[in-house]
Amino acid sequence: MGKDIDAGRSAGLYPYQERDLKILFEKINHSPKGNRILYQLPTGGGKTRIFSEMARWFITTYRQQVMVLTHRTELCRQTAATLKQSGIRNKVINSTVKRISAREDYPCYVGMVETLRNRLRQGLIDVSDIGLLIIDEAHHNSFQKLLKRFPGALVVGVTATPLSSSIEQPMNKTYHELVVGESIASLVKQGYLAKPVCIRYDVELHSLRTGSHGDFTISTSDELYSSPAMLELLLHTYETHAKHKKTLIFNNGIFTSRNVCKMFRDAGYPVKHLDHHHSPTERADILKWFKKTKGAILTSVSILTTGFDEPAIQTVILNRATTSLTLYHQMIGRGSRSLPKKKTFAIIDLGNNTERFGEWQEPLDWQLIFERPELYYETIRSHSAQEARVISPDLRAKFPNTLQFSFDIQEAYHRTLADGRKPITVIRDAIRQHAAMCMENSASIAEALELSDALDNEISWRVKQYGKCLGKVTRNYTDWLKEDYKSRLKLLIQKLMQKSVTGKSRSKAA
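Residues numbered from 1 in each chain as written. Predicted model: local features only at pLDDT ≥ 70, side-chain atom pairs only at ≥ 80, totals over all residues. Heavy atoms only, no water.

1. Details of unusual backbone geometry
Only a minority of non-glycine residues have a phi that is not negative, and only a minority of peptide bonds are not trans. In this structure, Arg63 takes a positive phi of about 55° despite not being glycine. Relative to the helices and strands, Arg63 is located in the loop between helix H2 (47–62) and strand S2 (65–70). On the basis of relative accessible area, Arg63 is assigned to the exposed category, the value being 70%. Backbone geometry places His244, a non-glycine residue, at a positive phi of 65°. Considering the arrangement of structural elements, one finds His244 in the loop between helix H7 (228–241) and strand S9 (247–250). Judged by relative accessible area, His244 falls into the exposed class, the value being 55%. (Helix = DSSP H or I, 4+ residues; strand = E, 2+ residues; numbered from the N terminus. Buried < 20%, exposed > 50% of the residue type's maximum accessible area, 1.4 Å probe, protein only.)

Written out as structure tokens, the structure is:
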């Protein structure tokens, strides 16, 4: 196309936004009709601002119309407002719009997916003059069927996570290339996003089952997270790490969210529940209350993952487990907005999500995920598999002289309490048993220490079981305990084997 990339630019953009827009403009300039570009930028990075500037530049440069597609009413309104602030006259195509006449010559349209699909099917809207199609939250599969209606338009999809929710519809089959924007870690370092402080608790997820879409089912999630033990853990974590702070809680089921609401209300805290059954008026009232109420708690079910922005949120509690990387990032992103008096925010993970996906701010190779999504899906599947303790034959073969390989942490814990001893003696006894295993299968200290390294998964299992016996312990504590366990195991092996060698030497001398 070859047009001036500086045409129609406005001030007030951040440096990384200016850089990404320049890259996108260059690609659009050199793209043939029908080319599809995917742009990735983290939640909170200003995707709406960027594609609004893109629309303004395209309209100014090519004198062609732009269509922006969204999948939710809130996103539709926000997009239209941002476009208007950027000086772009636009019309929203929602359920109230039945037809667009030839006299309505708007440079830009903002369309709801389902509404636009219906109007196109009815022949009430003509999109033949659309030169650029921008798709917000492009990872949603609901946009797929509409793309064929814009055969001559350039397509730019925008998302924080360029990974389709369906392995059968990978994003690299829809888009020709990916442009990766600023990373979360960089945005945090530059102060554009608040710094996360993650508090993790190991949660037993054996009872969860995955549904046809690959994520954990609502029914099994409700059963687990509405149990007295999990409700008690939630209250404990809130009172320990987030008391009187503006807090947003994400649940997988309405039943759980209502139980959570009742528990906090009974405990005397300001709390409200929100789900998709609330009317627009009720929702607006609840969000207004949440914004104005100091130390407010809002417990919800998925509805606030997109199209919701409350920068004052200080704590996000993931009171659920998910296999969706997109949902994981969206939930945490609700608390990541930076303010002059808010430089950090807390993430409380009660679904082992951090273990499944890594820390929210950890770098991800988005290009690899875009090009080879099946590899990432396989990784998530392996992490999401039900926890099981299976001792491999290869590991067992390394300890041929050991008759008793296992150590029942839970049984030892209950016996210790019954005897009036301190719980930590369970770990001491477990270390002694592992030391004995290494020593009886080695001819030297070096061999025994090497064998202790092979026990890493067994040590993780024992520490995790011990943490569950204690109850309300953070993942940080169990991580530390595992490292302490391994260190003490090596020291004990060296001490006992050295003592054994010294004893044998004295015996021979005598």
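Still more to cover.
2. Digging into the sheet that holds strand S6 (residues 154–159)
Here seven strands make up an open sheet; going across it, the order is S3-S4-S2-S5-S6-S1-S7 and the pairing parallel. Two strands close off the open sheet at either side, each with one partner strand: strand S3 (90–93) and strand S7 (177–180). Neighbouring strand axes in the sheet, compared pairwise and without regard to direction, differ in orientation by 20° on average. Across four bridges, strand S1 (residues 36–40) lies against S7 in parallel orientation. Residue pairing across strands places Ile37 opposite Glu177, the latter belonging to S7. In the packing of H2 onto the sheet, contacts are made with S1, S2, strand S4 (108–112), strand S5 (130–136) and S6, and the angle to S5 comes to roughly 180°. Sheet strands in contact with helix H3 (residues 73–85) are S2, S3, S4 and S5, and its direction is about 170° off that of S4. (Pairing = 2+ DSSP bridges. Axes fitted to C-alpha atoms, helices over the stretch in contact; angles between N-to-C directions. Contact = heavy atoms within 4.5 Å.)

3. Regarding the side chain of His434
Secondary-structure assignment places His434 in helix H16 (residues 425–440). Within the structure, the side chain of His434 is placed 2.8 Å from the side chain of Tyr485, a separation counted as a polar contact. Dropping the residues within four chain positions of it, His434 is found in contact with Leu455, Glu458, Ile459, Arg462, Tyr485 and Leu489. (Polar contact = N/O pair within 3.5 Å; in protein donor to acceptor, adjacent residues only side chain to side chain.)

4. Some remarks on a positive patch on the surface
Positive charge collects at one region of the surface, where Arg121, Lys145, Lys148 and Arg149 lie side by side. Relative to the helices and strands, Lys148 resides in the loop between S5 and S6. Classification of Lys148 by relative accessible area gives exposed; the value is 67%. (Patch = residues over 30% accessible without salt bridge, like charges linked within 9 Å, V, L, I, M, F, W, Y side chains within 5 Å. Areas by Shrake-Rupley, 256 points an atom, 1.4 Å probe, with all protein chains shown as cover. Salt bridge = Lys/Arg side-chain N within 4 Å of Asp/Glu carboxyl O. Lys, Arg positive; Asp, Glu negative; His and termini not counted. Charge placed at Lys NZ, Arg CZ, Asp CG, Glu CD.)

5. Details of the packing of aromatic side chains
The full count for this structure, using the stated rule, is 13 aromatic pairs. Centroid distance Tyr238 to Tyr269: 5.1 Å. Interplanar angle 75°. Geometry classified as edge-to-face. In this pair, Tyr238 sits in helix H7 while Tyr269 sits in the loop between helix H8 (254–266) and strand S10 (271–274), placing the two residues 31 residues apart along the sequence. Judged by relative accessible area, Tyr238 falls into the buried class, the value being 0%. By way of ring pairs, the aromatic residues Phe25, Trp57, Phe58 and Tyr62 are connected into one cluster. Arg89 extends its terminal NZ or CZ atom over the ring of Tyr106, reaching a point 4.8 Å from the ring centre. (Phe/Tyr/Trp six-rings, centres within 6.5 Å; stacked < 30°, edge-to-face > 60°. Lys NZ or Arg CZ within 6 Å of the ring centre and 35° of its normal.)

6. Considerations on the environment of Pro32
Among the secondary structure elements, Pro32 is positioned in the loop between helix H1 (15–29) and S1. According to the relative accessible area criterion, Pro32 is exposed, its value standing at 54%. Between the alpha carbons of Pro32 and Thr73 there is a distance of 32 Å; along the sequence they are 41 residues apart.

7. Some details on the packing of H1 against H2
Interaxial distance between H1 and H2 falls to 11 Å at its minimum, and their mutual angle equals 40°. By the angle between their axes, H1 is oblique relative to H2. Every pair of crossing elements has a handedness; the one defined by H1 and H2 is right-handed. Residues Gln17, Leu21, Leu24, Phe25, Ile28 and Asn29 of H1 pack against Ile50, Glu53, Met54, Trp57, Phe58 and Tyr62 of H2. Residue classes in the contact of H1 with H2 are distributed as nine nonpolar, two polar and one charged. (Parallel < 35°, antiparallel > 145°, perpendicular 65-115°, else oblique. Left-handed = near helix turned anticlockwise from the far one by under 90°. Nonpolar A, V, L, I, M, F, W, Y, C, P; charged D, E, K, R; others polar.)

8. Structural notes on empty space enclosed by the protein
Scanning the entire structure with this criterion turns up four cavities of 30 Å³ or more. Along its surface, the largest cavity is lined by 14 residues, and Ala138, His140, Gln144, Thr174 and Tyr175 are the ones closest to its centre. In terms of residue class, the lining of the largest cavity is made up of seven nonpolar, seven polar and no charged. (1 Å grid on protein atoms, 1.4 Å probe; cavity = no way out; pocket = protein on both sides within 12 Å on 5 of 7 lines; lining within 4 Å. Points joined across faces, edges and corners; volume = space filled by probe spheres on them.)

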